[in-house]
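# Structural characterization, general
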Amino acid sequence: MTYKEHIPLGVGFYPDWFHKQFGISFGREYFFDPETRIETRMEIDRRLYEKFGDVGLGDPDPKPKPLITFGMVMLPTIFGCEIVYNDDALPWAMPLNLSEDEVMKLGVPDIFNSYPMTDMIKQIENLNDKYGKVVGDINTTGVQNLALKIRGDQLYIDFFEKPELCRHLLGICAECIIQLFRFNKKTTGTGAIDVTPMCDPKLYVFPNCTAEQISLDTYEEFVLEYDNQVADACHPVGIHHCGSVDEVLDGYAKVHHLEFVEIGFGSDVKKTREVFGPQVAVNARISPVLMKNGSSEDVATEVRRLIDNGAPLDNFSIDTVGLTYGTPDENVKTALMTAAEYGKIDRDVPSVTERRFFFGSGKTATPVETHVSSATKTVKIGPLQPLVIIGERINPTGRKKLARALEDGNLDLVRSEAVRQVEEGAQIIDVNVGVSGIDEPKMLKEAILAIQEVTDVPLCIDSALPKALEAGLMAYKGKALVNSVNGEKHKLERILPLVKAHNAAVIGLTMDDNGIPKEAEKRLEIARLIVERAEQTGIPREDVIIDPLAMAISADDQAGLETIKALRLIRDELGVNQTLGLSNISFGLPERASINTVFLAMAVLNGLTCPISDPTIWEMRRATLLTDLLLGKDEFCMNYLSASAKKSGKVEETKPAVKEELEGADLETIKEAVISGKRKLAVEFTQKALDRGADPQDIINNYLIAGLNIVGDKFEKKKIFVPEMMMAAKSMRACVDLLSPLLKKDEDTKDLGTVVLGTVFGDLHDIGKNLTKLLLETSGFRVIDLGENVPPDRFVEAARDNSAHIVGLSSLLTTGDPHVEETINAIKSSDLADKVKVICGGAALTLKFVEACGADAHAKNAADGVKKIKDLLGIAD
């Protein structure tokens, strides 16, 4: 493996950057004439060297590279899509929008005897004859991406209404991609070059750009199977995802043979690392909007942030792809220099010979048994007893709802959490009320009294304040467990006398004035000190429970081993009972419950007798039951059988999204059907409501619109995605179509307003615009859709001809910035300036930019756009 001094940072410019500065063209000739392409690539290298040679970009004397490429449009072209070529943009495939019948008749095409693949094969032959080789590969488009080019946005509806059509189409797309991948491999040996330069070019990398538009459930139900069909045929694989990857991370984790993932701006890099682990290489992309409109310091800060979250750095990289004309040269240089300076990779790797796996003192101390009790119940803790779970949920750390309740003096949540934990198997409840600014002694006393009202299990009184511990112990009825003391001198002197005075037991943490020792032997010495000082104070050894402290293995891969070693040494040398905060071990890693359960079993075999954990997590509860079962501590398996029967008998009481039967339908079921996107049921429920004499206008105003408003809120919060949003809007539209003929004439013809929509000149993206149109029409607006690639004068003409109230501009690419500004200026300088409001939306646009251009509003997404338009027109929801 080649050693890298620092993480790589890739720089990729959009075609307009080259065209507007140097006249370099990426039109049709670039893709169909290989010599033109070779000359163009050499010119690109020279120009990059002129501007950025001092930071390592470009080549002053480039050599010819016999490159093959066809953008992302080879397979869409073969299926019949119209391709738009521009000098300053990548080629774009217009959707075919095939009908259901046309899709179901579709089969896998004869790719290598179809145009333009036949032309590409001739190019390859000519390049081989002249240069003796070819490099590069042909972009395979991606399964869902290709399906959308064939079916159009209707595919999002098909996921819910025509699943068999989806599977038929996705299967065809997957087979085409497999064939093209194999062709690439045979021809050039690579499968990634045309998608990304940031990974091993031999990987099979497929683009999944549109996966951001669907939910994890939809991805796993429909698309994952076909991604894996490709992965099983062509591997190892990588995934290119140009938007936020957060929603589908868990789905991508199920893709077979995955070795690389490229994630778009807005993605949670740290979470990506947690989900995939260190074996999968990650390339994180910086927003081209930030690169263009941000300062150098903004860029440096973003590079540092990504690096801070990207460890391990030996297979982490950053990409500044899609930089458009107007991006400051200084920002490009700053990104490269920051990566080189801040992203240095540490060479130090722990030696395998330094790792020790066998340990033990050879001693065997006499084990003890600890008793704690409430007023009516005693719990025994010991190596011959079943594991005792100390429930950890009454602790405001990281739990905002509980913290707020404690600040308000409301103990209802404390009571309910205590009851819930006991129901789930906790034998002792830990009680911690440590919130900044409250009277902790008073609150701890009140919490203990409140819990004793609703349960009879013993309590573990948890505080760092001696006064709070004293107040809690005075209120407690029984023999409590105190959490905690440690090896610090002042803690021993202040806490142990309290424990003795109230005849309590105590947890001792293996840390002292020097912190938490890394080595197990030093933790043993602190444990020995605590036990000896307790005995000197009059507290018997059996009333001391030691916590050797589980540390995160994500920060130190030897931490788990040292904790296990400490457990065994303390058990063998001191004989006391031991506890651990189990969840600490897995902090920062994916599948935490799995790690915690395995660690639990290992810890029990080495001396753990009363873990602190969340009993409401079934995996942990089951692990404790199975541990007891396998160690012979569950007579006739009764505890395990009882808990398992209880678990399997629990039916989750979730309200179904919509009832599938009509009987008993009321107006609320119409709203529920719209929210759920059940178009047929929504119409049937509406008809039944009409049959019962419901007012059509009341149905629209109070149920259909209300339902769509809820859907919009869910969409903004990313609880649902494009397909669900479209299904809900179409469900409402179908109901409105049924109701419209029954409305009074003046109401029937009344629109909320007229909106002219379009994607700005130079941009052919349309998903966001189409969704906005659907939501506006469903909400009662008249919409004039101008389509994509719309010049400024067409927006002005359409607004004037249709007496529009609003003009909406959509732009996905930063290349559209000047066209957005030009269009706004055209509207504001026309006779429409005082009559029309302008709203802008799209991934490339920021509030700051559109306000500077003179727009009246900025929309974050389609649902937000509808809200903003209503606000501009003074329409209340």
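Higher on the page you've got the structure.
## Considerations on the pattern of salt bridges
In this structure the tally under the stated criterion is 41 salt bridges. Glu 446 is the salt-bridge partner of Lys 442, the closest N and O atoms lying 2.8 Å from each other. Linking Lys 442 with Glu 446, this pair stays in helix 18 (residues 440-454), spanning four residues, or about one helical turn. What makes Glu 446 partly exposed here is its relative accessible area of 28%. With its nearest N and O atoms 3.4 Å apart, the salt bridge here joins Lys 671 to Glu 668. Highlighted residues: Lys 671 and Glu 668, both in helix 26 (residues 667-676), separated by three residues, approximately one helical turn.

## Overview of the packing of aromatic side chains
Note on aromatic pairs: each is described by the distance of the centres and the angle between the planes. All told, the structure shown has 18 aromatic pairs when counted by the stated rule. Ring geometry for Phe 26 versus Tyr 30: centroids 5.1 Å apart, planes at 55°, classification tilted. On the numbers, 6.2 Å between centres and 70° between planes, the contact of Phe 32 with Tyr 85 is edge-to-face. Taken as a pair, Phe 32 in helix 2 (residues 28-32) and Tyr 85 in strand 3 (residues 83-86) lie far apart in primary sequence, 53 residues in all.

## Concerning the sheet that holds strand 9 (residues 281-285)
In spatial order, the strands read 1-10-9-8-7-6; together these six strands make up an open sheet with parallel pairing. One side of each edge strand has no neighbouring strand; the edge strands of this open sheet are strand 1 (9-13) and strand 6 (204-207). Sheet twist, expressed as the mean angle between neighbouring strand axes with direction ignored, is 20°. On the sheet, helix 15 (residues 329-342) packs against strand 1 and strand 10 (316-323) and is oriented at approximately 165° with respect to strand 1.

## Some remarks on empty space enclosed by the protein
In the structure shown here, the tally under the stated rule is two cavities of 30 Å³ or more. Empty space within the largest cavity amounts to approximately 110 Å³. Along the walls of the largest cavity sit eleven residues, with Leu 708, Asn 709, Gly 712, Ala 863 and Val 866 positioned nearest its centre. Listing elements by their share of the lining of the largest cavity, those giving two or more residues are helix 28 (696-716), helix 31 (767-779) and helix 35 (862-872). With four residues, helix 35 is the single largest residue contributor to the lining of the largest cavity. Looking at the lining of the largest cavity residue by residue, the class counts come to five nonpolar, three polar and three charged. Approximately 30 Å³ is the volume attributed to the second largest cavity. Looking at the lining of the second largest cavity residue by residue, the class counts come to four nonpolar, four polar and two charged.

## Description of the pairing of strand 17 (residues 505-509)
The buried fraction of strand 17 is high, at five of five residues. Side chains Ala 505, Ile 507 and Leu 509 project from strand 17 onto one buried face, and the interleaved Val 506 and Gly 508 project onto a second face that is buried too. Direction of pairing for strand 16 (residues 481-486) relative to strand 17: parallel, over a ladder of five bridges. Directly across from Val 485, in strand 17, lies its bridge partner Gly 508. Handedness of the β-α-β unit built from strand 16, helix 20 (residues 489-501) and strand 17 comes out right-handed. Alignment of strand 17 against strand 18 (residues 544-547), held across four bridges, turns out to be parallel. From the neighbouring strand, Ile 507 faces strand 18, where its bridge partner is Ile 545. Handedness of the crossover joining strand 17 and strand 18 through helix 21 (residues 520-537) is recorded here as right-handed.

## Quick notes on helix 9 (residues 163-187)
If you check helix 9, its first and last C-alpha atoms are 36 Å apart, about what 25 residues at 1.5 Å a residue would give, namely 36 Å. Looking one or two places after helix 9, you find Gly 189, whose phi comes out positive at around 85°.

## Some thoughts on the packing of helix 8 (residues 154-161) against helix 9
Where helix 8 contacts helix 9, the two axes come as close as 6 Å, and the packing angle between them is 125°. With respect to each other, helix 8 and helix 9 are oriented oblique. Contacts between helix 8 and helix 9 involve Leu 155, Asp 158, Phe 159, Phe 160 and Glu 161 from the former and Pro 163, Leu 165, Cys 166, Leu 169 and Leu 170 from the latter. Split into classes, the residues belonging to the contact of helix 8 with helix 9 amount to eight nonpolar, no polar and two charged.

## Description of the environment of His 371
Secondary-structure assignment places His 371 in strand 11 (residues 370-373). Put simply, His 371 and Pro 458 are 87 residues apart on the chain and 9.9 Å apart in space, counted from C-alpha to C-alpha. Among the polar contacts listed, one links the side chain of His 371 to the side chain of Glu 369, at a separation of 3.0 Å.

## Some points on the sheet that holds strand 20 (residues 612-613)
One open sheet accounts for eight strands, arranged 19-18-17-16-15-14-13-20; its pairing is parallel. Of all the strands in the sheet, just strand 19 (577-578) and strand 20 have a single pairing partner and so form its edges. Along the sheet, helix 19 (residues 466-475) contacts strand 15 (459-462) and strand 16; its crossing angle with strand 15, the most-contacted strand, is approximately 155°. Lying over the sheet, helix 20 contacts strand 16 and strand 17, oriented at roughly 160° with respect to strand 16.

## What about the side chain of Ser 114?
Along the chain, the position of Ser 114 falls in the loop between helix 5 (100-104) and helix 6 (117-131). In this structure Ser 114 comes out as buried when scored by relative accessible area, which is 17%. Within the structure, Ser 114 has its side chain in polar contact with the backbone oxygen of Asp 110 (distance 2.5 Å).

The rules behind the values
- Residues numbered from 1 in each chain as written.
- Predicted model: local features only at pLDDT ≥ 70, side-chain atom pairs only at ≥ 80, totals over all residues.
- Heavy atoms only, no water.
- Salt bridge = Lys/Arg side-chain N within 4 Å of Asp/Glu carboxyl O.
- Helix = DSSP H or I, 4+ residues; strand = E, 2+ residues; numbered from the N terminus.
- Buried < 20%, exposed > 50% of the residue type's maximum accessible area, 1.4 Å probe, protein only.
- Phe/Tyr/Trp six-rings, centres within 6.5 Å; stacked < 30°, edge-to-face > 60°.
- Pairing = 2+ DSSP bridges.
- Axes fitted to C-alpha atoms, helices over the stretch in contact; angles between N-to-C directions.
- Contact = heavy atoms within 4.5 Å.
- 1 Å grid on protein atoms, 1.4 Å probe; cavity = no way out; pocket = protein on both sides within 12 Å on 5 of 7 lines; lining within 4 Å.
- Points joined across faces, edges and corners; volume = space filled by probe spheres on them.
- Nonpolar A, V, L, I, M, F, W, Y, C, P; charged D, E, K, R; others polar.
- Right-handed = clockwise from strand over helix to strand, strands pointing away.
- Expected span 1.5 Å × (residues − 1).
- Parallel < 35°, antiparallel > 145°, perpendicular 65-115°, else oblique.
- Polar contact = N/O pair within 3.5 Å; in protein donor to acceptor, adjacent residues only side chain to side chain.

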